[in-house]
Amino acid sequence: MTQDELKKATARAAVDYIAPKLDADSIVGVGTGSTANFFIDYLAEIKGQFDGTVASSDASAERLRSHGIPVYDLNSVDGIQCYVDGADEANPALQLIKGGGAALTREKIVAAVSSEFVCIADESKWVPLLGDFPLPVEVIPMARSLVARELVKLGGDPVYRQGVTTDNGNVILDVHNLKITEPKALEEAINNITGVVTNGIFALRPADILLLGTTSGVKTFTAK
Ligand SMILES: O=C(CO)[C@H](O)[C@H](O)COP(=O)(O)O
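Our subject in this report is the structure included herewith. This is a predicted model, so every value here is computed, not measured.

About the cut-offs
Residues numbered from 1 in each chain as written. Predicted model: local features only at pLDDT ≥ 70, side-chain atom pairs only at ≥ 80, totals over all residues. Heavy atoms only, no water. Axes fitted to C-alpha atoms, helices over the stretch in contact; angles between N-to-C directions. Helix = DSSP H or I, 4+ residues; strand = E, 2+ residues; numbered from the N terminus. Parallel < 35°, antiparallel > 145°, perpendicular 65-115°, else oblique. Left-handed = near helix turned anticlockwise from the far one by under 90°. Contact = heavy atoms within 4.5 Å. Pairing = 2+ DSSP bridges. Phe/Tyr/Trp six-rings, centres within 6.5 Å; stacked < 30°, edge-to-face > 60°. Buried < 20%, exposed > 50% of the residue type's maximum accessible area, 1.4 Å probe, protein only. Core = buried A, V, L, I, M, F, W, Y, C linked by side-chain atoms within 4.5 Å.

**Remarks on the packing of helix H1 (residues 3-18) against helix H2 (residues 34-43)**
Packed helices, taken two at a time, are described by the angle their axes make and the gap between the axes.
Consideration 1: In contact at an axis separation of 8 Å, H1 and H2 are set at 50 degrees when each is read in the N-to-C sense. When the axes of H1 and H2 are compared, the pair comes out oblique. As for the relative orientation of H1 and H2, their crossing is right-handed in sense. Within the contact between the two elements, H1 uses Asp4, Lys7, Lys8, Thr10, Ala11, Arg12, Ala14, Val15 and Ile18 and H2 uses Ser34, Thr35, Phe38, Phe39, Tyr42 and Leu43.

What follows is the structure, given as structure tokens:
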């Protein structure tokens, strides 16, 4: 199976997983990226079974609307039943690295609000230790050099993601060569650097369930 076929299988499994939990008042949180895009396409098939969505990026909002699925501002909804999103890496504690698509801040906000966070990923994302994927950090533009120097002190090698501006008007530093043995501590430490908006470690709010697309089927993991 190709990687796209694995992504489609996990996206399909996510719709099957959330569908019985939804009612006419339900709000679904929707992530960003190629796996989330497949999820949006399958979600359209059940659009009559829930109220609407909150999107973690302008791109996902546009795709949802193109299917006729309502998209609400987060401030106008009471809560989110479940949030479905991809990841760049996932470990056995269902702690994640996210932000390869530069949407990490809104993704973290939607995850924080959601009652259940369903991560969907193909098997290439499953890792014993986070950090092979360069860690995205969203930074206020004027603080880019300051934050880069502080990230070097934490042992990383930050690289400015050229030509990328986030939906919030900020820039991304991708931090290479971090061995993330203490994900919660590093998530907090990086977020405490002045000028950082947030970083792509999702350990303080990990996923609740991971639907992993593998060549032998979609496997379901809960946090260990
Ligand atoms: O965090 C993300 C976007 O900011 C994505 O979830 C992550 O990059 C995975 O993307 P894909 O499903 O395309 O592999």
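**So, the pairing of strand E13 (residues 217-222)**
Consideration 1: Where strand E12 (residues 209-214) and E13 come together, six bridges link them in antiparallel fashion. Looking at the pairing, Leu212 lines up with Lys219 of E13.
Consideration 2: Counted along the chain from E12 to the antiparallel partner E13, the turn is two residues long.

**Here's the deal with the packing of aromatic side chains**
Here a ring pair, both rings aromatic, is described through the centre-centre distance and the interplanar angle of the planes.
Consideration 1: Applying the stated criterion across every chain, the model contains three aromatic pairs.
Consideration 2: When the centroid spacing of 4.9 Å and the interplanar angle of 35 degrees are considered together, the rings of Tyr83 and Phe117 count as tilted. Pair noted here: Tyr83 is in strand E3 (residues 80-85) and Phe117 is in strand E6 (residues 114-122), with a separation of 34 residues, a long-range link.
Consideration 3: Note on Phe117: relative accessible area 0%, which makes it buried.
Consideration 4: Judged by centre distance (4.5 Å) and plane angle (25 degrees), the rings of Trp126 and Phe221 are stacked. Within this pair, whereas Trp126 is found in the loop between E6 and strand E7 (135-139), its partner Phe221 is found in strand E13, the two being separated by 95 residues in sequence.
Consideration 5: Classification of Phe221 by relative accessible area gives buried; the value is 19%.

**Thoughts on the nonpolar core**
Consideration 1: If you look at the biggest cluster of nonpolar residues, it comprises 28 residues, and the most contacted ones within it are Ile18, Val28, Phe39, Leu43, Leu64 and Ile120.
Consideration 2: Elements with a minimum of two residues in this core: H1, strand E1 (27-30), H2, helix H3 (58-66), E3, E6 and E12.
Consideration 3: Phe39 has contacts with Ala11, Ala14, Val15, Ile18, Val28, Val30, Val84 and Ile120, leaving out every residue within four places of it along the chain.
Consideration 4: If you look at the next biggest cluster of nonpolar residues, it comprises 20 residues, including Ala143, Ile193, Ile201 and Ala203.

**As for the sheet that holds strand E5 (residues 96-97)**
Strands belonging to one sheet form pairs held by backbone hydrogen bonds; the direction of such a pair is parallel or antiparallel.
Consideration 1: Taken together, three strands build an open sheet; the order of strands is E4-E5-E11 and the sheet is antiparallel. Two strands close off the open sheet at either side, each with one partner strand: strand E4 (89-90) and strand E11 (201-202).
Consideration 2: In this sheet, E5 lies alongside E4 in antiparallel orientation, the contact comprising two bridges. When the sheet's bridge partners are listed, Ala90 is paired in E5 with Leu96.

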